[in-house]
Amino acid sequence: MNPTIPFNPPEPPLGDLEGLRSAHASDPNDTQIAAKLAQLYADKGWLNEAMELYKTIIDSDRDNYPLLLEYGNVCFRKKVLDEALQLRQAGRASAGRKPDKVLCQNYLRVPCR
């Protein structure tokens, strides 16, 4: 190895669990990585872990309706129906402020303009 050239190890692949955990641990404020990790937890059926991570992300970004939707889906799968309904309503309110998104029409039944 040439001592004048700094060595930068390759980034871990973001599709695997340990890679996402490592990336999230190194930058817990990166909401994209946190959302990918939460989705992977949900895909694996680790709903408690997914809910905890989604709550953390949503606390910092209450108007992110795709995340509200994903968190609501996890709540529904876990049979936490009251919270899922509250999230749906919060998502509808958030989507109403951003009506240009097709997601609001498809999932939240909010008309897009």
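Presented here is a report on the structure given in the accompanying data block. Just so we're clear, the structure is a prediction, and the values are computed from it rather than from any experiment.

Some remarks on helix H3 (residues 47–60)
Part 1 of the reasoning: Taking 1.5 Å as the rise per residue, H3 with 14 residues should run 20 Å; its terminal C-alpha atoms sit 20 Å apart, in good agreement.
Part 2 of the reasoning: When we look at burial in H3, the residues that qualify are Leu47, Ala50, Met51, Leu53, Tyr54, Ile57 and Ile58.
Part 3 of the reasoning: Packing partners of the buried residues in H3 comprise helix H1 (17–26), helix H2 (31–44) and helix H4 (65–77).

Considering the side chain of histidine 24
Part 1 of the reasoning: Within the element layout of this structure, histidine 24 appears in helix H1.
Part 2 of the reasoning: We classify histidine 24 as buried; its relative accessible area is 17%.
Part 3 of the reasoning: When sequence neighbours within four positions are dropped, the list of residues in contact with histidine 24 reads Ile33, Ala34, Leu37 and Leu53.

What about the environment of alanine 34?
Part 1 of the reasoning: Locating alanine 34 in the fold gives a position in helix H2.
Part 2 of the reasoning: In this structure alanine 34 comes out as buried when scored by relative accessible area, which is 2%.
Part 3 of the reasoning: Along the backbone, alanine 34 and leucine 20 are 14 residues apart, and their C-alpha atoms lie at a distance of 8.0 Å.
Part 4 of the reasoning: Look past the residues within four positions of alanine 34 in its chain and what remains in contact with it is His24, Leu53 and Ile57.

Some words on the packing of H3 against H4
Part 1 of the reasoning: Two numbers describe how H3 lies on H4: the axes approach to 10 Å, and their chain directions differ by 150°. In terms of axis orientation, H3 runs roughly antiparallel to H4. In terms of crossing hand, the pair formed by H3 and H4 is left-handed. Across the interface between the two elements, Leu47, Ala50, Met51, Tyr54, Lys55, Ile57 and Ile58 from H3 touch Leu67, Leu68, Glu70, Tyr71, Val74, Cys75 and Arg77 from H4.

Overview of the packing of aromatic side chains
Part 1 of the reasoning: This structure, assessed with the given rule, holds 2 aromatic pairs.
Part 2 of the reasoning: With 5.8 Å between their ring centres and 40° between their planes, tyrosine 41 and tryptophan 46 make a pair best called tilted.
Part 3 of the reasoning: Classification of tyrosine 41 as buried rests on a relative accessible area of 9%.
Part 4 of the reasoning: The class of tryptophan 46 is partly exposed, set by a relative accessible area of 32%.
Part 5 of the reasoning: The interplanar angle of 45° and the centroid separation of 6.3 Å between the aromatic rings of tyrosine 54 and tyrosine 71 together place this pair among those described as tilted. Highlighted residues: tyrosine 54 in helix H3 and tyrosine 71 in helix H4, separated in sequence by 17 residues. A single burial state applies to tyrosine 54 and to tyrosine 71, both of which are buried.

Quick look at the nonpolar core
Part 1 of the reasoning: Formed by 26 residues in total, the largest nonpolar core has its most connected members in Leu53, Tyr54, Ile57, Tyr71 and Val74.
Part 2 of the reasoning: At the level of elements, H1, H2, H3, H4 and helix H5 (81–97) are the ones that each hand at least two residues to this core.
Part 3 of the reasoning: At 8 residues, H2 tops the list of elements feeding residues into this core.

Here is what the cut-offs are and how they apply
- Residues numbered from 1 in each chain as written.
- Predicted model: local features only at pLDDT ≥ 70, side-chain atom pairs only at ≥ 80, totals over all residues.
- Heavy atoms only, no water.
- Helix = DSSP H or I, 4+ residues; strand = E, 2+ residues; numbered from the N terminus.
- Expected span 1.5 Å × (residues − 1).
- Buried < 20%, exposed > 50% of the residue type's maximum accessible area, 1.4 Å probe, protein only.
- Contact = heavy atoms within 4.5 Å.
- Axes fitted to C-alpha atoms, helices over the stretch in contact; angles between N-to-C directions.
- Parallel < 35°, antiparallel > 145°, perpendicular 65-115°, else oblique.
- Left-handed = near helix turned anticlockwise from the far one by under 90°.
- Phe/Tyr/Trp six-rings, centres within 6.5 Å; stacked < 30°, edge-to-face > 60°.
- Core = buried A, V, L, I, M, F, W, Y, C linked by side-chain atoms within 4.5 Å.

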